[in-house]
Amino acid sequence: MNLQFSIAGVVSRRYINETKGRGLFAEKSFEKGELIFSERPLFSVQHVYNRATAWTCGNCFKFLGSLNKQLLHYRKVFGIKESSELPEFENAFNFHTKVYSCFAKCGEKYCSEECRNVAFYSNHQILCVGEQTPDSNPMYQFKKHSIETNELFLLAAQAIACLICRIANDPSSDQPTQITIPLTTNNNNNNSNNNNNTTTTTTTTTTTTTTNTNNTPETIIQAPLVERICNEFFSEYQHREWWDVRIDGNFTAEEGKQWATESLELLRKALIPLLQNNPKTNNQTFIGTVLSMDFYSHLLGLLEMNDNSIGFFNPLELLRRDINDIGKGPFTNPPIQKNLKDRSNAVLNSIVDAFRQYHNDQEGECDQEDCNDHDHDHGDSPMVSDDHHGHNHHSHDHSHGHGGSHDDHAMEVTEEGGDEEICEEVFPSFDGFGIFGLQAMVNHSCEPNITVVFENHDNRAHIKALRRIEPGEELFHTYIEETNPYEVRQEDLITYGFRCECRKCLEKI
């Protein structure tokens with residue numbers, strides 16, 4: 001977890017005032033549509049319902065293999081014996097990655113050795129359930145509970161796992177940094193006796209009490225890496241206890257407290273033995289911090305207020321829609337011979353029919369269960385982030401709320417020549433969510449000047465200008481649907497604990 005607060009010559013974070021806190025500012029001019037910066041998430045997960053129908057890398061979320069390997073995957077999912085392949089030709093949607101399995105053979109797949117290593121050493125070694133997992137396995141139980149209640153727990157576990165891995169693997173973690181603070185602000189978790197001229201040591205933090213030249217007691221703390229990381233993370237992003245963040249009616253505060261308590265207990269059962277087996281993490285202060293309800297509830301609140309959806313089209317879907325137009329209009333690839341197009345369409349047909357039946361079955365189940373609409377809302381296009389976040393106040397669409405077990409079979413609306421055209425999505429897009437360190441520092445406005453898009457078929461967020469931006473101008477995202485009426489927007493912003501004072505809101509437009 002490496003927090004980034006600026007990009008030299010591009011953007012920088014500045015303090016605004018006590019009310020607004022800090023914001024992100026442009027260091028140069030940007031034209032409408034211009035890329036300002038791109039970044040990968042600090043933590044991110046794929047929605048559970050989406051994993052079977054969007055076969056992607058467990059680290060960067062790229063679709064795996066190739067177009068034909070994707071087809072083979074879907075044939076296995078649906079039990080289709082067809083073995084014909086798409087012809088080999090150059091087109092805008094071709095891709096080729098290798099497929100690597102998790103070291104412990106838990107079923108997770110990766111597009112490269114680099115992605116496998118990054119995932120393993122940053123969090124997966126802590127969260128992996130292995131090849132043969134009994135129902136009694138605490139990590140298995142934790143993940144099952146998360147799927148049944150709220151998938152935000154999975155993101156929180158990844159954040160905690162990242163913290164544990166950094167402490168366990170970083171050689172500098174046993175080299176504390178000295179900070180001096182007034183005695184009265186001593187950490188409550190430090191069980192030292194605060195008598196003058198005494199020195200007490202815990203397993204993680206050395207606290208020395210001295211008297212300065214003004215005879216004022218002060219405490220010098222040898223702060224270990226874990227404390228610096230925790231303080232850095234929580235000081236940079238808006239957070240409250242999870243159940244104090246409005247959840248738009250998906251569940252009550254009482255349910256949130258109950259689920260979080262159950263979730264943390266399962267996580268503690270899974271992680272405490274691992275922590276105790278490593279001398280760098282085997283101390284009560286560390287365990288008591290990262291696995292406490294205070295830490296967990298605020299971490300969940302931070303993620304709830306700052307996370308962003310991640311979505312992008314399936315390459316097979318793009319091919320299905322556009323194969324007949326390749327070589328025409330905006331497509332730069334040479335035209336494809338008609339016989340190759342016909343052959344490609346024929347190869348796709350059996351999978352398309354299977355998916356349409358699958359979508360119909362899912363919709364039927366939803367009608368019977370009267371499910372929550374949030375479980376199906378992709379937004380107008382998975383190419384564009386439908387969640388809106390900033391540094392001080394953030395949001396997401398809560399589609400990782402209670403359940404999250406249904407396919408959303410997105411139907412997009414496009415406009416051509418002023419007429420609306422309904423475009424069916426057959427091959428499901430990638431659908432996930434995560435927290436982006438720098439993008440999450442952008443403040444809100446109902447008149448945003450930037451947007452977040454995912455257009456390279458992986459988990460990188462691309463921040464682009466919605467209009468010309470001048471040097472020194474603050475960047476604004478919208479956390480809500482900015483086209484809603486004034487009263488609706490203010491209601492939607494209750495989650496973030498502030499009232500918007502942009503021009504539209506001041507004029508109550």
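A quick note: this is a predicted structure, and the numbers were derived from the prediction, not measured. (Residues numbered from 1 in each chain as written. Predicted model: local features only at pLDDT ≥ 70, side-chain atom pairs only at ≥ 80, totals over all residues. Heavy atoms only, no water.)

### Points about the overall build of the protein
Next, step 1: Secondary structure assignment for the protein yields 13 helices and 19 strands.
Next, step 2: Looking at the protein alone, contacts between residues at least 24 apart form 72% of all its contacts between residues at least 6 apart.
Next, step 3: Of the roughly 23600 Å² of accessible surface on the protein, 47% is carried by carbon and sulfur atoms. (Helix = DSSP H or I, 4+ residues; strand = E, 2+ residues; numbered from the N terminus. Contact = heavy atoms within 4.5 Å. Areas by Shrake-Rupley, 256 points an atom, 1.4 Å probe, with all protein chains shown as cover.)

### Side note on the sheet that holds strand E1 (residues 6-7)
Across a sheet, strands are paired by hydrogen bonds formed along the backbone, either parallel or antiparallel in direction.
Next, step 1: Reading across from one edge, E1-E2-E3 is the order of the 3 strands in this open sheet, with antiparallel pairing throughout. The strands lining the two open edges of the sheet, one partner per strand, are E1 and strand E3 (21-26).
Next, step 2: Pairing between strand E2 (residues 11-17) and E3: 6 bridges, direction antiparallel. From the neighbouring strand, Arg13 faces E3, where its bridge partner is Leu24. (Pairing = 2+ DSSP bridges.)

### With respect to the pattern of salt bridges
Next, step 1: The full count for this structure, using the stated rule, is 14 salt bridges.
Next, step 2: Taking the shortest distance from any N to any O, the salt bridge between Arg321 and Glu317 comes out at 2.8 Å. In this pair, Arg321 and Glu317 are both assigned in helix H10 (residues 315-322), 4 residues apart and thus about one turn of the helix distant.
Next, step 3: A salt bridge links Glu455 to Lys464; the shortest N-O distance between them is 2.8 Å.
Next, step 4: Given the relative accessible area of 32%, Glu455 is considered partly exposed. (Salt bridge = Lys/Arg side-chain N within 4 Å of Asp/Glu carboxyl O. Buried < 20%, exposed > 50% of the residue type's maximum accessible area, 1.4 Å probe, protein only.)

### Comments concerning the packing of helix H4 (residues 138-148) against helix H7 (residues 253-276)
Next, step 1: One can describe the packing of H4 onto H7 by two numbers: an axis separation of 8 Å at closest approach and a directional angle of 155°. The angle between H4 and H7 places the two elements in the roughly antiparallel class. For the element pair H4 and H7, the recorded crossing hand is left-handed. Taking contact as the criterion, the partners of Pro138, Met139, Gln141, Phe142 and His145 in H4 are, on H7, Trp259, Glu262, Ser263, Leu266, Leu267, Lys269, Ala270 and Leu271.
Next, step 2: Residues of the contact of H4 with H7, tallied by class, amount to 8 nonpolar, 3 polar and 2 charged. (Axes fitted to C-alpha atoms, helices over the stretch in contact; angles between N-to-C directions. Parallel < 35°, antiparallel > 145°, perpendicular 65-115°, else oblique. Left-handed = near helix turned anticlockwise from the far one by under 90°. Nonpolar A, V, L, I, M, F, W, Y, C, P; charged D, E, K, R; others polar.)

### Comments concerning helix H3 (residues 113-127)
Next, step 1: At Phe120, H3 shows its strongest bend, of approximately 65°.
Next, step 2: Where H3 is concerned, the buried positions are Cys115, Arg116, Ala119, Asn123, His124, Ile126 and Leu127.
Next, step 3: Buried residues along H3 sit against strand E6 (100-101), strand E7 (109-110), H4, helix H5 (152-169) and H7. (Bend = angle between axes of the 7 residues up to and from the residue.)

### Regarding the sheet that holds strand E4 (residues 35-39)
Next, step 1: Read across the sheet, 3 strands follow the order E4-E18-E17 without closing on themselves; strand pairing throughout is antiparallel. Two strands in the sheet have a free side with no partner beyond their single neighbour: E4 and strand E17 (450-453). For this sheet, the mean angle separating the axes of adjacent strands, direction not counted, is 20°.
Next, step 2: The pairing of E17 with strand E18 (residues 461-465) spans 4 bridges and is antiparallel. Paired with Val453 across the strands is His462, a residue of E18.

### Concerning helix H9 (residues 293-306)
Owing to its 3.6 residues per turn, the α-helix aligns residues three or four sequence positions apart on the same side.
Next, step 1: An ideal rise of 1.5 Å per residue puts 20 Å on 14 residues; H9 measures up with 20 Å between its terminal C-alpha atoms.
Next, step 2: Burial within H9 is extensive, with 11 of its 14 residues counted as buried. (Expected span 1.5 Å × (residues − 1).)

### What to know about the side chain of Lys464
Next, step 1: Its location among the elements puts Lys464 in strand E18.
Next, step 2: At 2.8 Å, the side chain of Lys464 forms a polar contact with the side chain of Glu455.
Next, step 3: Beyond its immediate sequence surroundings of up to four residues, Lys464 is in contact with Gly33, Glu34, Leu35, Ile36, Asn449, Ile450, Thr451, Val453 and Glu455. (Polar contact = N/O pair within 3.5 Å; in protein donor to acceptor, adjacent residues only side chain to side chain.)

### Some words on the packing of H4 against H5
Next, step 1: Packing of H4 against H5 brings their axes to within 7 Å, and their N-to-C directions diverge by 140°. Here H5 runs oblique to H4, going by the angle between their axes. The residues of H5 that touch H4, namely those facing Phe142, Lys143, His145 and Ser146, are Phe153, Leu154 and Ala157.
Next, step 2: The residue inventory of the contact of H4 with H5, partitioned by class, reads 4 nonpolar, 2 polar and 1 charged.

Function cannot be read off these values alone, since they describe shape.
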